[in-house]
Amino acid sequence: MILDSKIPDGPISEKWTRHKFELKLVNPANKRKFTVIVVGTGLAGASAAASLGELGYNVKTFCIQDSPRRAHSIAAQGGINAAKNYTNDGDSVYRLFYDTVKGGDFRAREANVHRLAECSNFIIDQCVAQGVPFGRDFGGLLDNRSFGGAQVSRTFYARGQTGQQLLIGAYQAMMRQVAKGSVKMFPRREMLELVVVNGAARGIVVRNLVTGEVESHEADAVCLATGGYANVFYLSTNAKGSNVSAAWRAYKKGALFANPCYTQIHPTCIPVSGDHQSKLTLMSESLRNDGRVWVPRKAGDTRAPEDIPEAERFYYLEEKYPSFGNLVPRDVASRNAKNVCDAGLGVGASKKAVYLDFADSIKRLGVSAISAKYGNLFQMYEKITDENPYKTPMRIYPALHYTMGGLWVDYNLMSTIPGCFVLGEANFSDHGANRLGASALMQGLADGYFVIPYTIGGYFAGTKLDKVSAAAPEFKEAEKEALERNKKLLSIKGKRTVSDIHRELGHIMWENVGMARNKAGLEKALVAIPALREEFWKNVNVLGSEGSFNQNLEHANRLADFLEFGELLATDALHREESCGGHFREESQTPDGEALRNDEKFCYVGAWEYKGEGVKPELSKEPLAFENVHLVTRSYK
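The structure presented is a predicted model; accordingly, all values stated were derived computationally and were not measured.

Here is what the cut-offs are and how they apply
- Residues numbered from 1 in each chain as written.
- Predicted model: local features only at pLDDT ≥ 70, side-chain atom pairs only at ≥ 80, totals over all residues.
- Heavy atoms only, no water.
- Helix = DSSP H or I, 4+ residues; strand = E, 2+ residues; numbered from the N terminus.
- Contact = heavy atoms within 4.5 Å.
- Lys, Arg positive; Asp, Glu negative; His and termini not counted.
- Charge placed at Lys NZ, Arg CZ, Asp CG, Glu CD.
- Pairing = 2+ DSSP bridges.
- Axes fitted to C-alpha atoms, helices over the stretch in contact; angles between N-to-C directions.
- Core = buried A, V, L, I, M, F, W, Y, C linked by side-chain atoms within 4.5 Å.
- Buried < 20%, exposed > 50% of the residue type's maximum accessible area, 1.4 Å probe, protein only.
- Salt bridge = Lys/Arg side-chain N within 4 Å of Asp/Glu carboxyl O.
- Expected span 1.5 Å × (residues − 1).
- Arc of directions from axis to C-beta.
- Parallel < 35°, antiparallel > 145°, perpendicular 65-115°, else oblique.
- Left-handed = near helix turned anticlockwise from the far one by under 90°.
- Nonpolar A, V, L, I, M, F, W, Y, C, P; charged D, E, K, R; others polar.
- Phe/Tyr/Trp six-rings, centres within 6.5 Å; stacked < 30°, edge-to-face > 60°.
- Lys NZ or Arg CZ within 6 Å of the ring centre and 35° of its normal.

Draft legend 1. Local environment of the overall build of the protein chain. When its secondary structure is counted, the protein chain shows 16 helices and 19 strands. Taken over the C-alpha atoms alone, the protein chain extends approximately 75 × 60 × 50 Å along its principal axes. Of all intrachain contacts in the protein chain linking residues separated by at least 6 positions in sequence, the fraction that spans at least 24 positions is 74%. Of note, the protein chain has its 78 positive side-chain charges centred 3 Å away from the centre of its 73 negative side-chain charges.

Draft legend 2. How the structure looks around the sheet that holds strand β12 (residues 292-296). An order of β11-β15-β14-β12-β13 is seen for the 5 strands of this open sheet, with the pairing classed as antiparallel. The two strands at the open ends of the sheet, each matched to only one other strand, are β11 (263-269) and β13 (313-314). In this structure, β12 lies alongside strand β14 (residues 354-357), joined through 3 bridges in antiparallel fashion. Within β14, the position partnered with Trp294 by the bridge is Tyr355.

Draft legend 3. Inspection of the sheet that holds strand β9 (residues 221-224) at higher detail. Strand order across the open sheet formed by 5 strands is β5-β2-β1-β9-β17, with parallel pairing between neighbours. Looking at the sheet topology across the chains shown, the edges are occupied by β5 (183-187) and β17 (420-422). Here the strands of the sheet are splayed against their neighbours by 20° on average, with no regard to which way each runs. Here 5 bridges tie strand β1 (residues 35-39) to strand β2 (residues 58-63), and the two strands are oriented parallel to one another. Residue pairing for β2: Val36 is matched across the bridge by Val59. Against the sheet, helix α5 (residues 162-180) engages β2 and β5, with an angle of about 110° to β5.

Draft legend 4. Fine view of the nonpolar core. In terms of nonpolar packing, the biggest core is built from 171 residues, with Ile80, Phe257 and Ile456 touching the most fellow members. Residue contacts for Ile456: discarding those within four places in its chain leaves Val36, Leu52, Tyr57, Ala221, Cys223 and Phe421. Counting residues in each nonpolar core, the second largest holds 9 residues, with Leu192, Ala472, Phe475 and Ala482 among its members.

Draft legend 5. Highlighting the pattern of salt bridges. The tally for this structure, following the rule as stated, stands at 52 salt bridges. Between Arg292 and Glu318 there is a salt bridge, with its nearest N and O atoms 2.9 Å apart. With Arg292 in strand β12 and Glu318 in helix α7 (residues 316-320), the pair connects residues that are 26 residues apart, well separated along the chain. Between Asp500 and Arg496 there is a salt bridge; the shortest N-O distance is 2.8 Å. Its relative accessible area of 35% is what places Asp500 among the partly exposed residues. Three or more residues are tied together by salt bridges with common partners; here these are Asp105, Arg107, Asp331, Arg335, Arg576, Glu578, Arg597, Asp599 and Arg634.

Draft legend 6. Quick look at helix α13 (residues 498-513). For α13, with 16 residues, the first-to-last C-alpha span of 21 Å sits near the 22 Å given by 1.5 Å per residue. For α13, the full list of buried residues reads Val498, Ile501, His502, Leu505, Gly506, Ile508, Met509, Asn512 and Val513. All buried residues of α13 lie within an arc of 160° about the axis, which places them on one face of the element. If you follow the buried residues of α13, they end up packed against α14 (519-539) and α15 (551-575).

Draft legend 7. Just the packing of α13 against α15, in detail. Interaxial distance between α13 and α15 falls to 10 Å at its minimum, and their mutual angle equals 15°. In terms of orientation, α13 and α15 fall into the roughly parallel class. Crossing angle aside, the handedness with which α13 passes α15 is left-handed. Facing Val498, Ile501, His502, Leu505, Met509 and Val513 of α13, the residues of α15 in contact are Asn552, His555, Ala556, Leu559, Phe562, Leu563, Gly566, Leu569, Ala570 and Ala573. Partitioning the contact of α13 with α15 into residue classes produces 12 nonpolar, 4 polar and no charged.

Draft legend 8. Structural view of the packing of aromatic side chains. One pass over the structure, following the stated rule, counts 31 aromatic pairs. Connected via pairs of aromatic rings, a cluster forms that spans Tyr229, Trp248, Tyr251, Phe257, Phe565 and Tyr610. Its end group placed over the ring of Tyr636, Lys102 keeps NZ or CZ at 4.5 Å from the ring centre. In this structure, Lys240 is placed above the aromatic ring of Tyr234, and the distance from its NZ or CZ to the ring centre is 4.2 Å.

Draft legend 9. Representation of the side chain of Thr571 in the model. With respect to the helices, strands and loops of the structure, Thr571 is situated in helix α15. With near-sequence residues (within four places) excluded, Thr571 lies in contact with Leu526 and Trp608.

Draft legend 10. Looking closely at the environment of Gly160. With respect to the helices and strands, Gly160 occurs in the loop between β4 (155-156) and α5. Sequence spacing of Gly160 and Met283 is 123 residues, and the spatial spacing of their C-alpha atoms is 9.0 Å. Leaving out residues up to four positions away in the same chain, Gly160 has contacts with Gln77, Lys373, Asn376 and Leu377.

Draft legend 11. Here's a closer look at unusual backbone geometry. Positive phi outside glycine occurs at Asn88, with the angle close to 55°. Its identity is not glycine, yet Arg159 carries a phi of approximately 50°, on the positive side. Note on placement: Arg159 falls in the loop between β4 and α5. You can call Arg159 partly exposed: its relative accessible area is 37%.

Draft legend 12. Layout of helix α12 (residues 473-492). For α12, built from 20 residues, the straight-helix expectation of 28 Å at 1.5 Å per residue is met to within 8% by its first-to-last C-alpha distance of 29 Å. All of the buried residues along α12 are Phe475, Ala478, Glu479, Ala482, Arg485, Asn486, Leu489, Leu490 and Ile492. Buried residues in α12 make contact with β6 (189-197), β7 (200-208), β8 (214-218), α6 (245-252), α14 and α15. One or two residues past the end of α12 sits Lys493, with phi positive at roughly 50°.

Draft legend 13. Quick look at the environment of Phe358. Considering the arrangement of structural elements, one finds Phe358 in the loop between β14 and α9 (359-365). Taking C-alpha positions, Phe358 is 8.6 Å from Ile370, a pair spaced 12 residues apart along the chain. Once you skip the residues sitting within four places of it in the chain, Phe358 turns out to touch Leu287, Asp290, Gly291, Phe378 and Met394.

Draft legend 14. How the structure looks around the side chain of Arg533. Along the chain, Arg533 falls in helix α14. Classification of Arg533 as buried rests on a relative accessible area of 19%. Setting aside residues up to four positions removed in sequence, Arg533 forms contacts with Leu563, Glu564 and Glu567.

Draft legend 15. The pairing of β9, seen in detail. Here β9 shows a buried face lined by Ala221 and Cys223 and a second buried face lined by Val222 and Leu224. Note that β1 and β9 share 4 bridges and pair parallel. When the bridges of β9 are listed, Val39 appears paired with Leu224. Strand direction decides the pairing type here: β9 and β17, joined by 3 bridges, are parallel. When the sheet's bridge partners are listed, Val222 is paired in β17 with Cys420.

The structure is reproduced here in C-alpha cells:
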C-alpha cells in the first residue's frame, strides 16, 4: 500500500499554520449536522470530545470505566512538556522539536513532531485557564522541572499527580458539553467492532459492560483514543483495563498498524516482588531530578545501602553519561539498569533492582523541600514496600510502560480507513522509537484540543457522506461477529483461566521481546505465541453468561486480541534488524553497548496490513526524511 502522509509543503515552522488555512471549513451552522464518535475518555478522548462539542458537532463519547476520571491518564505522574522557556535556560519550540526527534532515535515524522512542539505552549495556557494546579515558584510563576533527554527545564507539573489534574481539567470541559447537550456520554461500554460502510468508518459496535447488551452506534466519523498496548506483556505500569482491542478491530477492518515493536521500558518502577502480582507501579521519572541512581561496585554486596561508603558505590549513569547523568532518556537508563543487574550488581532480594537515592538532595535541600515536590510518590512507595524512602534509597527496576507504535495515521490523524481518526497513544505518529518523559500528556492534549478540531472539519467539508443507520446490514453483520465470538469463548469450557494464559503470554513476551531482543528469541516467540493461542481457543475457561455483567468474558476478548497482536509485535521486531530507541536488537550494538541504527535500510515507518486469518500481514513502508534535524548517532555522553 502507498502511504500518503499528507505532510504540507513549505518550511517546517509554517507547515501547520499553512495547513490549517488550506483545510476546508464547515460552516458553524452546519456543524450540528455531523455526528462524531469518540472512543476513550482519557486526555486525548476527553479533550477531543470537549473541543468538538464546543465547536457545535454532535458527539457521542464512549467510556470503558464508570467515569472518565478513572481513565489511565490519571496514572501519569511527573509532568507535561512545553517550550515556554520560563526558566530562561535556552528552550524554544525548535529545541523541543529537536530533543523529541533525537529522543525518538530519528524514527518519527519531523512535521508531526514540530506541530506537537508548536502546540505545547497553547496547552499550558488552556490548562491554566481550566484551573489545573501546576506547581509554582516562590514568586507565584509556573515552575518547571527537568526530565530525561533534555538539558533544559521544560516540564510543568502538579506534584506527582500531573496526569490526574490534567484529566480533571479535560473532564470538566467535556462535562460542560454534556450539560449543554452537544456531547452524549456512554459509560461502561467497550468497543467490539469498527463498522465500515462504503469504505469509510461510520460507527461502532459496543458491549454494555453492566447489562451485557450489544449496541450499535452510527456517526459520520470515528475517533479512537484508546491508549496503548503494553498489557500484552501482562505485567506493566498500565491499568489492568488497558488493552489493544479497539485498535486491533480497526486493524482487521483495514487500518494499518505501524511500528508495533516500539515499546517503552520505564526505568523507574517498583521491582517485581512475586508471581502474585497483576501489575507494576511506576515511580515518576521526575524523581531522577533529585535522586541519584547507583549500585554497589562489588558483586554480591549484601550490606544495607547506608553502610556502603561513597567510594564503593557505582553511580553508573553519572559516570557513563557525564552530560546528562541521571537524566538520560528512558531507553538508555533502562538498558543500563539491566546491564548492571546482569553483571551481578543488582540489589534487593531478587537482585533485579538498583538504588534511587535522595540522601544528597535531602541533605542539601531538606526533607520539607523534597516532600513538597514528591510527597505523594514517597508515600505510595512506602505503602507498597514498607520502606521509608526519606531514610533508605528506593529500589527500582525497568518495566513495560508506554507504547510508541499504534495505528498508522497521516498528518490529519486519519488512519488508512477514511473517517477513522486515531489520537494520543493509540496512534504511532509523534514519538518514534522512544518517548521522552512528559511528552505523552503533551501529545494527548495536542491531538484533542488543537489538531483534530481542524482536521476532522477538513474531512467533513471535503467528503460526501450519505446518511447511515445502525439498522444497516454492515452494523448487523458486525453485531453478529461480536456475538459469535462471545458465544465461542463461553462454549470452550476448558481448564485454564484467562489470567493464567495471559500471564504465560506475558512471560513469552518479556523473555523474548522485552528490553533486549535477538533473532533466536524472536523466532522462539513466533513459535510459542501461536501455540499458546491455539491452547487458549481449546482450553480456556470463561465463566458466566453473555447477557450479563461478566468481567471474565471482557478479559477473554481482550486476551484473544493480545494473542494475535503479540505475534505481530514480534514479527515487526524480527524484521527490523537494527537497534533504535526502545527496540534493542543485540546483534545491532556499538562496542560499548549502545543502540546501533541502520539508517540505510530501516529509516522508515513500518506499517502492517491485515490480510486475513492465518495469512502473514503485509508490510508497507513510509520513508522518513530528515531535513531539519540531521541523522546522527544519538549520544548523551
